[in-house]
Amino acid sequence: MRMLRKIYEGFKKILVFLLIIPVRIYQWVISPMIGPSCRYTPTCSVYSVQALKKHGPFKGLWLAIKRILSCNPWGGSGHDPVP
């Protein structure tokens, strides 16, 4: 049982790492070209990385998607930390 837990935790870490890669590429390549445009603090990309690291690949990805979808003219704005 302990071995399965270690395998599961390792799998989660690998998934989090793989999900963070596209966010980092966005932060380093695309974001500098676009300029600051996020309505929230922390920015959506920072929020996504924090959510993935704190909540793991499944809940973290869900929180990141919800946040990105709410970043529109009819969505919210202001300080919105990772729960």
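This write-up is about the structure you can find in this document. (Residues numbered from 1 in each chain as written. Predicted model: local features only at pLDDT ≥ 70, side-chain atom pairs only at ≥ 80, totals over all residues. Heavy atoms only, no water.)

**Overview of the packing of helix H1 (residues 2–34) against helix H2 (residues 44–70)**
When two helices pack together, their arrangement is captured by the angle between the axes and the distance separating the axes.
And then number 1: Two elements in contact, H1 and H2, have axes separated by 9 Å at closest approach and are oriented at 155°. Classified by the angle between their axes, H1 and H2 sit roughly antiparallel to one another. As for the relative orientation of H1 and H2, their crossing is right-handed in sense. Contacts between H1 and H2 involve Tyr8, Lys12, Leu15, Val16, Leu19, Ile20, Val23, Arg24, Tyr26 and Gln27 from the former and Ser45, Val46, Ser48, Val49, Leu52, Lys53, Gly56, Pro57, Phe58 and Leu61 from the latter.
And then number 2: Of the residues contributing to the contact of H1 with H2, the split by class is 13 nonpolar, four polar and three charged. (Axes fitted to C-alpha atoms, helices over the stretch in contact; angles between N-to-C directions. Helix = DSSP H or I, 4+ residues; strand = E, 2+ residues; numbered from the N terminus. Parallel < 35°, antiparallel > 145°, perpendicular 65-115°, else oblique. Left-handed = near helix turned anticlockwise from the far one by under 90°. Contact = heavy atoms within 4.5 Å. Nonpolar A, V, L, I, M, F, W, Y, C, P; charged D, E, K, R; others polar.)

**Concerning unusual backbone geometry**
And then number 1: In this model, Thr41 is joined to Pro42 through a cis peptide bond whose omega is -5°.
And then number 2: With respect to the helices, strands and loops of the structure, Pro42 is situated in the loop between strand E1 (40–41) and H2.

**Things to note about a nonpolar patch on the surface**
And then number 1: Together, Ile14, Phe17, Leu18, Ile21, Ile25, Tyr26, Trp28, Val29, Ile30, Met33 and Ile34 make up an exposed nonpolar region whose accessible area comes to about 1100 Å².
And then number 2: Checked against the element boundaries, Ile21 lands in helix H1.
And then number 3: With relative accessibility at 33%, the residue Ile21 sits in the partly exposed group. (Patch = residues over 30% accessible without salt bridge, like charges linked within 9 Å, V, L, I, M, F, W, Y side chains within 5 Å. Areas by Shrake-Rupley, 256 points an atom, 1.4 Å probe, with all protein chains shown as cover. Salt bridge = Lys/Arg side-chain N within 4 Å of Asp/Glu carboxyl O. Buried < 20%, exposed > 50% of the residue type's maximum accessible area, 1.4 Å probe, protein only.)

**Concerning H2**
And then number 1: Taking 1.5 Å as the rise per residue, H2 with 27 residues should run 39 Å; its terminal C-alpha atoms sit only 10 Å apart, a clear shortfall.
And then number 2: A maximum bend of about 140° is found in H2 at Gly56, where proline Pro57 lies one to four positions downstream. (Expected span 1.5 Å × (residues − 1). Bend = angle between axes of the 7 residues up to and from the residue.)

**A short note on the packing of aromatic side chains**
And then number 1: Considering all chains together, one arrives at zero aromatic pairs under this definition.
And then number 2: Positioned above the aromatic ring of Tyr47, the side-chain terminus of Arg67 is 4.4 Å from the ring centre. (Phe/Tyr/Trp six-rings, centres within 6.5 Å; stacked < 30°, edge-to-face > 60°. Lys NZ or Arg CZ within 6 Å of the ring centre and 35° of its normal.)

Purely geometric numbers; function is a separate question.
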